[in-house]
Amino acid sequence: DRWHVGEDPYGILPVTVGTNRMPYLPGLLFSHLPAWLAGLDLRWNSVVYRLVWGGVLAFSLRQSPPNSPLRACAILLFLNPYLTFRHELYFEFDLLLIVLFWTFRRSQWAILALCLWTRQWNWVIAPFLWIGLSGNSFRSKLVSLASITGWAVAWGLLFWIVLGRTTSLDTMSIVLSK
């Protein structure tokens, strides 16, 4: 463990062949932004995002009916030891997006599109959410698909304008270089 021997845990780690240069999606930058802007250790983002999504979820549960999908979301996020004790710097922002998706139904397609620009695992989840939530008619599925596509293109253009790229091997260097 690099930290225990006094080395910097943030940086490019040598591997057997080449270096560990994973491409990050540009939305992942949001998962580091609060602590980075405050000049704190990046692990504080987990605390910040957990407090935010926990607060949003707790407030929303008080106003939701007993059969709300938010109840299942709360059980999954608060009682699942795999999610509760996970030590990943990127994960809490994704959990915040999931809570926002289920809380703000009118903005769910914009939130889902942002999820697609944040983590590759959301690419697996998104088609099932689209099929399950877009309605039964062909027209409603087509409209929701157009909405997701439009929002995904809009987020992609925003990232391209701000960062100059839509995927990058060195997007995280913005955070790691501070």
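Residues numbered from 1 in each chain as written. Predicted model: local features only at pLDDT ≥ 70, side-chain atom pairs only at ≥ 80, totals over all residues. Heavy atoms only, no water.

## Examining the overall build of the chain
So, step 1. Per the secondary structure count, the chain includes nine helices and zero strands.
So, step 2. For the chain, the N- to C-terminal ordering of α and β elements is α-α-α-α-α-α-α-α-α.
So, step 3. Evaluated residue by residue, the chain yields a buried proportion of 36% over its 178 residues.
So, step 4. As displayed, the chain offers around 11,100 Å² of accessible surface, 69% of which is attributable to carbon and sulfur atoms. (Helix = DSSP H or I, 4+ residues; strand = E, 2+ residues; numbered from the N terminus. Buried < 20%, exposed > 50% of the residue type's maximum accessible area, 1.4 Å probe, protein only. Areas by Shrake-Rupley, 256 points an atom, 1.4 Å probe, with all protein chains shown as cover.)

## As for the nonpolar core
So, step 1. With 32 residues, the main nonpolar core has Trp53, Leu57, Leu77 and Leu112 as its most contacted residues.
So, step 2. Per-element accounting of this core gives the leading share, nine residues, to helix H5 (residues 91–103). (Core = buried A, V, L, I, M, F, W, Y, C linked by side-chain atoms within 4.5 Å.)

## Some points on the packing of aromatic side chains
So, step 1. Applying the stated criterion across every chain, the model contains three aromatic pairs.
So, step 2. Where Phe101 meets Trp102, the ring centres are 5.2 Å apart and the plane angle is 90°; that geometry is what we call edge-to-face.
So, step 3. Ring-pair connections join several aromatic residues into one group, and the members of that group are Phe30, Tyr49 and Phe93. (Phe/Tyr/Trp six-rings, centres within 6.5 Å; stacked < 30°, edge-to-face > 60°.)

## Some words on H5
So, step 1. Between its first and last C-alpha atoms H5 spans 19 Å; for 13 residues at 1.5 Å apiece the expected length is 18 Å, and the two agree.
So, step 2. Taking burial as the measure, the 13 residues of H5 include 11 buried ones, the bulk of the element.
So, step 3. Considered for burial, the residues of H5 that qualify are Phe91, Glu92, Phe93, Asp94, Leu95, Leu96, Leu97, Val99, Leu100, Phe101 and Trp102. (Expected span 1.5 Å × (residues − 1).)

## Regarding a nonpolar patch on the surface
So, step 1. A grouping of Val153, Leu157, Leu158, Trp160, Ile161 and Val162 is seen on the molecular surface, where their side chains present a nonpolar patch of about 630 Å² in accessible area.
So, step 2. As for its placement among the helices and strands, Val162 is situated in helix H8 (residues 138–163). (Patch = residues over 30% accessible without salt bridge, like charges linked within 9 Å, V, L, I, M, F, W, Y side chains within 5 Å. Salt bridge = Lys/Arg side-chain N within 4 Å of Asp/Glu carboxyl O.)

## Re the confidence of the model for the chain
So, step 1. Across the chain, the average pLDDT comes to 76, with 77% of residues at 70 or higher.
So, step 2. Within the chain, helix H9 (residues 173–176) has the poorest average pLDDT of any element, 44, and helix H2 (residues 44–63) the best, 88.
So, step 3. Per-residue pLDDT stays below 50 along residues 168–178; that stretch engages in 28 contacts with residues further than four places along the chain or on separate chains. (pLDDT = per-residue confidence, 0-100. Contact = heavy atoms within 4.5 Å.)

## Observations regarding helix H6 (residues 108–116)
So, step 1. With nine of nine residues buried, H6 is to be regarded as a mostly interior element.
So, step 2. Three or more residues of H6 are buried, namely Gln108, Trp109, Ala110, Ile111, Leu112, Ala113, Leu114, Cys115 and Leu116.

## With respect to the pattern of salt bridges
So, step 1. Considering all chains together, one arrives at three salt bridges under this definition.
So, step 2. Between Asp41 and Arg43 there is a salt bridge, with the nearest N and O atoms lying 2.6 Å from each other.

## Overview of the packing of H2 against H5
So, step 1. The N-to-C vectors of H2 and H5 enclose an angle of 15°; their axes lie 9 Å apart at closest approach. What the angle tells us is that H2 and H5 run roughly parallel. By crossing handedness, the relation of H2 to H5 is classed as left-handed. Contact residues: H2 offers Ser46, Tyr49, Arg50, Val52, Trp53, Val56, Leu57 and Ser60, while H5 offers Glu92, Phe93, Leu95, Leu96, Val99, Leu100 and Thr103.
So, step 2. Its residues assigned to classes, the contact of H2 with H5 comprises 10 nonpolar, three polar and two charged. (Axes fitted to C-alpha atoms, helices over the stretch in contact; angles between N-to-C directions. Parallel < 35°, antiparallel > 145°, perpendicular 65-115°, else oblique. Left-handed = near helix turned anticlockwise from the far one by under 90°. Nonpolar A, V, L, I, M, F, W, Y, C, P; charged D, E, K, R; others polar.)

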